[in-house]
Amino acid sequence: MTEPDSTFDSAPEWLGGIAEQLGTRLAHLSLPRTRPPMNAPTLVAVGHGSRDPRARAALSRLLDRVRELRPGLDVRLAHIELNAPLLDDTLAGLAAEGRDAVLVPLLFAPGHHVTHDLPAAVAAAPGLRARVAAPLGAHPLLVEALADRLTQAGWSPEDGTSRATGVVLASAGSRDPRSGAEIRRIAALLGERLGGVPVLPAYASAAAPTVPEAVRALAAGGRHRIAVASCFTAPGLFATRAAAHAPWIAAAPLGAHPALARLVLHRYDRALAGRETGRETTRTTTRTRELAAI
């Protein structure tokens, strides 16, 4: 068995170093830009929608990166609400074109949008054959993007071993308990990636604790150098409010980070291969409605 590198003071630091190297390689690995097979299903990236005009632009840049990684793949943006193109309109257009689709939620955890709104939208598009991919979720690529955004905001490797530092992982929030469990897994992975620093999940709505409450909890434990990591795909009201509560630094939303683009394609590929939980419809309206009700 290989002994830990003597440059690390402890086994956790050794493991953290390995995780850091792995995440960095995953984020920056040059994958072959292979063309998809003819008639590959359209990748529909589904954002929530925001009144912030920067949000749609950020998601458009993210999908440009996805297209660069998979030349020839039909990639389209859709929104659940607030922004055009709306998901219903996008799916109706695909059905009229006779195309299949894989919906990739630009969301981080299971919740009402993933488990109800997306399958319902598919069911409302007669004749469309589509699968709903898993949300972005706890994955090394996501963790690498979160860590990189913190670094860009001013985080240093020394902060990961300081007893004065802590991180609040801010996300939208959901009443679905599976959502909270997934965000906690992301927070735990981010803590490991940062060298063992405590990372507390916090929510902008629908769940507790809030970002200010998480900040106070860290401060009560002697952590006064507190950063806010932004578990949001794009700028918007929730991301702005979360950043405003940062006592020290606040990371930018993930936006068009290269690792996030790779994760979008990973979820698409996994759904297409039937390796992750999703919902598939057939070309009959009755069957789509049955599947959407599962």
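See the structure printed just above.
Notes on the structure in this doc start here.

Cut-offs and rules
Residues numbered from 1 in each chain as written. Predicted model: local features only at pLDDT ≥ 70, side-chain atom pairs only at ≥ 80, totals over all residues. Heavy atoms only, no water. Helix = DSSP H or I, 4+ residues; strand = E, 2+ residues; numbered from the N terminus. Buried < 20%, exposed > 50% of the residue type's maximum accessible area, 1.4 Å probe, protein only. Contact = heavy atoms within 4.5 Å. Areas by Shrake-Rupley, 256 points an atom, 1.4 Å probe, with all protein chains shown as cover. Axes fitted to C-alpha atoms, helices over the stretch in contact; angles between N-to-C directions. Left-handed = near helix turned anticlockwise from the far one by under 90°. Nonpolar A, V, L, I, M, F, W, Y, C, P; charged D, E, K, R; others polar. 1 Å grid on protein atoms, 1.4 Å probe; cavity = no way out; pocket = protein on both sides within 12 Å on 5 of 7 lines; lining within 4 Å. Points joined across faces, edges and corners; volume = space filled by probe spheres on them. Core = buried A, V, L, I, M, F, W, Y, C linked by side-chain atoms within 4.5 Å. Pairing = 2+ DSSP bridges.

Here we come to the overall build of the protein. What the protein contains, in helices and strands, is 10 helices and 7 strands. Counting only residues that meet the buried cut, the protein has 46% of its 294 residues in that class. For the protein, the share of sequence-separated contacts (at least 6 apart) that also reach a separation of at least 24 residues comes to 75%. For the protein, the computed accessible surface area is about 14000 Å², with 54% contributed by carbon and sulfur atoms.

Bringing the packing of helix α3 (residues 87-97) against helix α4 (residues 112-123) into the picture now. Between α3 and α4, the shortest axis-to-axis distance is 9 Å and the interhelical angle comes to 35°. Pair α3 / α4 crosses with right-handed handedness. Contact with α3, carried on its side by L87, D88 and L91, involves L118, A121 and V122 of α4 and no other residues of that element. In terms of residue class, the contact of α3 with α4 is made up of 5 nonpolar, no polar and 1 charged.

On to the layout of surface pockets, then. Taken as a whole, the largest pocket holds about 920 Å³ of empty space. Lining the largest pocket are 39 residues, with H48, L107, A172, F232 and F238 positioned closest to its centre. At the level of secondary structure, the elements contributing two or more residues to the lining of the largest pocket comprise α2 (53-69), α4, α6 (177-193) and α8 (237-244). Split into classes, the residues belonging to the lining of the largest pocket amount to 20 nonpolar, 16 polar and 3 charged.

To continue, consider the nonpolar core. Membership of the largest hydrophobic core comes to 54 residues, with the highest contact counts inside it found for L43, L150, V167, L169, L190 and L194. A total of 8 residues in this core trace back to one element, the largest contributor, which is helix α9 (residues 258-272). Setting aside residues no more than four positions away along its own chain, L43 makes contact with V66, L73, D74, V75, R76, V102, V104, V264, L265 and Y268. Residues L91, L118, A125 and V132 belong to the second largest nonpolar core, which totals 15 residues.

Let us look at the sheet that holds strand β6 (residues 199-203). Taken together, the 3 strands give an open sheet; going across it, the order is β6-β5-β7, and neighbouring strands pair in parallel fashion. Edge positions in the open sheet fall to β6 and β7 (225-230), since each of these has one partner strand only. Recorded for the sheet is a direction-independent mean angle of 30° between the axes of neighbouring strands. As judged from the 5 bridges shared by strand β5 (residues 165-171) and β6, these two strands associate in the parallel manner. Residue pairing in the sheet places A170 in a bridge with A202 of β6. Sheet strands touched by α6: β5, β6 and β7. Its angle to β6, the strand with the most contacts, is close to 145°.

The next thing to look at is the side chain of E182. Within the element layout of this structure, E182 appears in helix α6. With residues up to four places along the chain from it excluded, the contact list for E182 reads F108, A109, P110, G137 and A138.

Two strands in a sheet stick together by hydrogen bonds in their backbones, pointing the same way (parallel) or opposite ways (antiparallel). An order of β2-β1-β3-β4 is seen for the 4 strands of this open sheet, with the pairing classed as parallel. Each having just a single partner strand, β2 (75-79) and β4 (130-132) make up the two edges of the open sheet. On average, each strand axis in the sheet is inclined to that of its neighbour by 25°, with strand direction left out of account. In terms of strand pairing, strand β1 (residues 42-47) meets β2 through 5 bridges, oriented parallel. Across the sheet, the residue bridging to L43 is V75, located in β2. The strands touched by α3 within the sheet are β1, β2 and β3 (101-105), with β2 carrying the most contacts at an inclination of about 140°. On top of the sheet, α4 reaches β1, β3 and β4; it is set at about 175° to β4, its chief contact.

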